[in-house]
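Residue-level listing of the chains:
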Amino acid sequence: MTAAPPRTTAAPAAGVEAPPATVPWAAAVGLRAPWLAALSRRAFFPPALAAVAGVLLALAFPPYGLWPLAAVAPAALFVLLRGARRKRDAFWLGTAFGVAFFVPLLWWLSNLGILPWLLLSVIQAVMLGGLCLAVPPLVRLPVWWLWAAAWWVAVEAVRSRVPLGGFPWGRLAFSQADAPTLGWASVGGAPGVSAVVALAAGALAALVTARAARRVVPAVALAGALALGACGTLLLPSAGESGDERATVAVVQGNVPRARSLEEQARVEMVAENHIAATEELVEDIRAGRVERPDLVLWPENATDRDPRNDPVLSARISQVVDDLGAPVVVGAILDAPGDRIRNAGLLWLPGSGPGAYYAKRQLVPFGEYIPMRSLLGGFGDLQLIPRDFEAGDEAVRLDAGDVRLAESICYEVAYDGQVRDQVRTGANLLAVPTNNATYMRDNNLGEPEQQLAMSRLRAVEHDRSTLVASTTGISAIVTPDGETVDETGPWRREVLTAEVPLRTDETLATRVGSAPEWTIAALAAGAVGTALYLRRRDTAPAPDAASDAAADAASDAAADVEAASAPGTSGARTRTEA
């Protein structure tokens with residue numbers, strides 16, 4: 001890669017003050033809209049535009065679902081960053097964009113408390129602001145829009161891993177459940193979908209900022225990126241084929257009372273009884289011939305608020321309903337663990353034999369399922385409602401029930417590429433996402449369950465697996481391998497969903513290659529940033545001035561004279577120069 005030729009501008013005429021630098025797009029429209037060019041010189045204006053772009057990106061995600069904005073909003077950020085002249089400008093642009101994006105995206109987190117909601121939003125925004133320092137150097141490179149798109153994917157990779165295991169919410173891919181680009185999940189997973197969207201964003205930014213004579217390449221790039229996204233429809237797995245092995249499944253949403261406060265929600269009882277009662281209604285429907293007996297029944301996360309294996313009464317109640325049902329049930333259970341800890345698990349309960357194998361959640365929620373630095377932070381506010389830490393599972397586990405081989409990603413885990421992939425790679429032919437969203441829905445906000453359902457739909461396509469989403473309070477759903485929701489529940493009600501779904505074991509390209517596309521794109525981004533920084537350092541290195549050149553020449557001449565004077569046979573010799 002080589003540096004783009006430096007831009008030169010004519011010096012202002014004598015007595016005319018040079019105008020302050022403006023971002024490229026503002027300069028381009030300055031003649032037609034002088035007020036805009038003037039406004040762009042105000043210090044507050046670029047960060048304000050970045051904030052508007054951040055809000056637009058939030059609107060791309062559920063519950064709004066305006067998915068085309070997932071390309072428009074990053075394009076606006078790229079345009080603004082291209083005009084950043086100082087590092088702090090880039091930082092504040094990225095931070096303003098991040099705050100305006102994460103605050104509305106994570107609005108549902110305010111049910112847990114205003115402080116956790118705002119703190120997480122600001123942390124994510126500041127991380128984005130820091131990473132935005134890499135973008136201005138990239139615009140020096142040819143096809144800078146391509147490297148900017150790779151940078152975006154690299155930023156998502158970083159956010160998904162740090163701090164405290166990362167927070168993948170807000171990746172571009174998770175806004176695309178209803179978009180043609182969804183099909184790219186079967187090829188490159190979530191990073192592949194994000195890359196296609198970011199490519200369109202970069203090309204759009206390049207088109208907006210290019211001079212009229214140089215718009216052909218970015219225009220072609222934008223058309224190509226849009227065509228690439230549209231090709232995703234050709235990559236979607238089929239919803240069902242004649243040769244598919246099939247199973248009848250049921251998803252139980254038992255519901256819990258909607259408490260007015262977090263403390264009341266934590267004390268909600270009878271959650272297990274609600275799911276037992278809903279399953280008993282399913283038994284009645286089977287006996288009446290209204291539905292077919294399922295091959296597997298899924299209960300949501302935390303469907304029991306204590307370990308049923310160590311509670312004889314609860315164990316007997318579950319065993320009775322499972323025996324009446326005549327089908328295995330995967331119970332979302334709190335299991336006791338050594339050291340006064342607990343596990344968040346999916347426990348397989350079989351007719352006639354009771355509890356068996358279980359999968360324990362591996363990706364725990366910081367400040368939700370464990371308290372980092374508990375001795376220091378555990379006594380603050382609502383954190384006191386988490387008296388003991390959960391213990392993370394240490395391996396992927398498949399739950400087998402007849403022809404069904406189930407992989408679970410419990411709640412928060414569905415956002416993590418590696419966890420879902422590891423579970424599918426155990427040989428599973430069905431994917432399940434049990435979840436408990438009651439805490440985040442107390443104000444009737446459906447942002448969190450709808451965002452989680454969108455992630456589950458992407459995972460169905462990514463791994464070509466039917467996917468069951470079971471929630472205590474909604475939204476529960478049954479998703480086919482093409483990402484379509486065939487049935488779903490409403491919020492805050494007791495419902496049972498049943499459907500026949502395909503069971504598949506073939507691995508998609510995304511399942512096979514794993515994180516390789518993400519690391520490849522991130523390496524390209526890192527290489528581009530490194531190259532840009534090297535070129536900038538080389539181009540800005542101080543050149544020797546004329547005085548330095550003269551001094552060097554004088555020193556060279558003096559040295560030559562000394563050498564000549566000391567040469568043999570020349571001592572005392574003079575050269576006459578006069579006429």
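Above: the structure in question.
Remember, it's a predicted structure, so these values are computed and weren't measured experimentally.

A.B. asks: Looking at this structure, how should I read the overall build of the chain?
C.D. replies: Each helix and strand in the chain was counted, giving 19 helices and twelve strands. The burial tally for the chain puts 52% of its 579 residues in the buried class. In the chain, the share of contacts with a sequence separation of at least 24, taken over all contacts with a separation of at least 6, comes to 70%.

A.B. asks: What's the story with the nonpolar core in this structure? I'm lost.
C.D. replies: Within soluble globular proteins, side chains that are nonpolar tend to cluster in buried spots. By size, the foremost hydrophobic cluster in this structure holds 85 residues, and its most contacted members are Leu57, Phe97, Trp151, Trp152 and Trp169. Among the elements that make up this core, the one with the highest residue count is helix α9 (residues 185-209) (twelve residues). Residues contacting Trp152, with those up to four places away along its chain left out, are Leu57, Pro74, Leu77, Phe78, Phe97, Leu172 and Ala198.

A.B. asks: Is there a simple way to think about the pattern of salt bridges in this case?
C.D. replies: A side chain of one charge can pair with a side chain of the opposite charge if their charged atoms are brought near each other. On inspection of all chains with the given rule, the structure shows 21 salt bridges. Arg161 serves as the salt-bridge partner of Glu518, at 2.8 Å between the closest nitrogen and oxygen. Taken as a pair, Glu518 in helix α18 (residues 516-539) and Arg161 in the loop between α8 (144-159) and α9 lie far apart in primary sequence, 357 residues in all. The class of Arg161 is partly exposed, set by a relative accessible area of 36%. For the salt bridge of Glu391 with Arg343, the shortest nitrogen-to-oxygen distance reads 3.0 Å. Taken together, the residues Glu391 in the loop between α14 (374-377) and β6 (398-401) and Arg343 in strand β4 (residues 341-350) connect sequence positions 48 residues apart. We classify Glu391 as partly exposed; its relative accessible area is 23%. Three or more residues are tied together by salt bridges with common partners; here these are Arg171, Asp417, Arg459 and Glu462.

A.B. asks: Any chance you could explain the packing of aromatic side chains here in plain terms?
C.D. replies: Aromatic ring pairs are defined here through the distance separating the ring centres and the angle between the ring planes. Throughout the structure, instances matching the rule amount to 13 aromatic pairs. Ring centres of Phe167 and Trp169 lie 5.7 Å apart, and the angle between their planes is 15°; on these two criteria the pair is classed as stacked. The class for Phe167 is buried, based on a relative accessible area of 9%. Among the aromatic residues, ring-to-ring pairing joins Trp108, Phe167, Trp169, Tyr412, Tyr416 and Tyr440 into one connected group.

A.B. asks: Would you explain the pairing of strand β7 (residues 404-408) in this entry?
C.D. replies: Regular strands place their side chains on alternate faces of the sheet. Extensive coverage of β7 is indicated by the burial of four of its five residues. Both β6 and β7 contribute to a ladder of four bridges, which runs antiparallel. Each residue of the ladder has a partner; that of Asp400, found in β7, is Arg405. In textbook terms, the turn of a hairpin is the stretch between consecutive antiparallel strands, and for β6 and β7 this stretch comprises two residues, one of which, Gly402, has a positive phi near 65°. Summarising the sheet, β7 and strand β8 (residues 430-435) pair through three bridges and their orientation is parallel. The residue of β8 that forms the bridge with Ala407 is Leu431. Of the crossover connections in this fold, the one passing from β7 over helix α15 (residues 417-424) to the parallel β8 is right-handed.

A.B. asks: Could you clarify how one ought to interpret the sheet that holds strand β12 (residues 495-503) in this entry?
C.D. replies: The pairing of strands in a sheet comes from backbone hydrogen bonds and takes either a parallel or an antiparallel form. Strand order in the open sheet formed by six strands is β5-β4-β3-β2-β1-β12, and the pairing between neighbours is mixed. Each end of this open sheet is capped by a strand with a single partner; those strands are β5 (354-360) and β12. The sheet shows a mean angle of 35° between the axes of neighbouring strands, taken without regard to direction. Pairing of strand β1 (residues 245-253) with strand β2 (residues 296-298) involves three bridges; the strand directions are parallel. In the sheet register, Val249 faces β2, and the bridge partner there is Leu296. Contacts between helix α12 (residues 271-287) and the sheet are confined to β1, β2 and β12, with β1 contributing the most and set at about 135° to the helix. Where helix α13 (residues 312-325) meets the sheet, its contacts fall on β2, β3 (329-337) and β4, and the angle it forms with β4 comes to roughly 30°.

A.B. asks: Where do I start with the sheet that holds strand β11 (residues 485-488) in this structure?
C.D. replies: Taken in spatial order, the six strands of this open sheet run β6-β7-β8-β9-β10-β11, and their pairing is mixed. Two strands in the sheet have a free side with no partner beyond their single neighbour: β6 and β11. Taken over all neighbouring pairs, the strand axes of this sheet differ in orientation by 20° on average, direction set aside. The sheet contacts of α15 involve β7 and β8, and relative to β7 the element is tilted by about 165°.

A.B. asks: Would you take a moment to explain a nonpolar patch on the surface for this structure?
C.D. replies: A contiguous nonpolar patch, built from Val99, Val122 and Val126 and spanning about 190 Å² of accessible area, is present on the exposed surface. Position of Val99 relative to the elements: it lies in helix α5 (residues 87-105).

A.B. asks: Explain a negative patch on the surface to me, please; I cannot follow it from the model alone.
C.D. replies: The grouping of Glu245, Glu292, Asp295 and Asp403 at the surface amounts to a negative patch. Locating Asp295 in the fold gives a position in the loop between α12 and β2.

A.B. asks: Would you take a moment to explain the pairing of β11 for this structure?
C.D. replies: Examined bridge by bridge, strand β10 (residues 477-479) and β11 share three bridges and lie antiparallel to one another. Residue pairing across strands places Ile478 opposite Asp487, the latter belonging to β11. Taking the residues between adjacent antiparallel strands as the criterion, β10 and β11 are bridged by five residues, where Gly483 takes a positive phi near 85°.

Parameters and conventions
Residues numbered from 1 in each chain as written. Predicted model: local features only at pLDDT ≥ 70, side-chain atom pairs only at ≥ 80, totals over all residues. Heavy atoms only, no water. Helix = DSSP H or I, 4+ residues; strand = E, 2+ residues; numbered from the N terminus. Buried < 20%, exposed > 50% of the residue type's maximum accessible area, 1.4 Å probe, protein only. Contact = heavy atoms within 4.5 Å. Core = buried A, V, L, I, M, F, W, Y, C linked by side-chain atoms within 4.5 Å. Salt bridge = Lys/Arg side-chain N within 4 Å of Asp/Glu carboxyl O. Phe/Tyr/Trp six-rings, centres within 6.5 Å; stacked < 30°, edge-to-face > 60°. Pairing = 2+ DSSP bridges. Right-handed = clockwise from strand over helix to strand, strands pointing away. Axes fitted to C-alpha atoms, helices over the stretch in contact; angles between N-to-C directions. Patch = residues over 30% accessible without salt bridge, like charges linked within 9 Å, V, L, I, M, F, W, Y side chains within 5 Å. Areas by Shrake-Rupley, 256 points an atom, 1.4 Å probe, with all protein chains shown as cover. Lys, Arg positive; Asp, Glu negative; His and termini not counted. Charge placed at Lys NZ, Arg CZ, Asp CG, Glu CD.

By themselves, these are just geometric observations and shouldn't be taken as functional.
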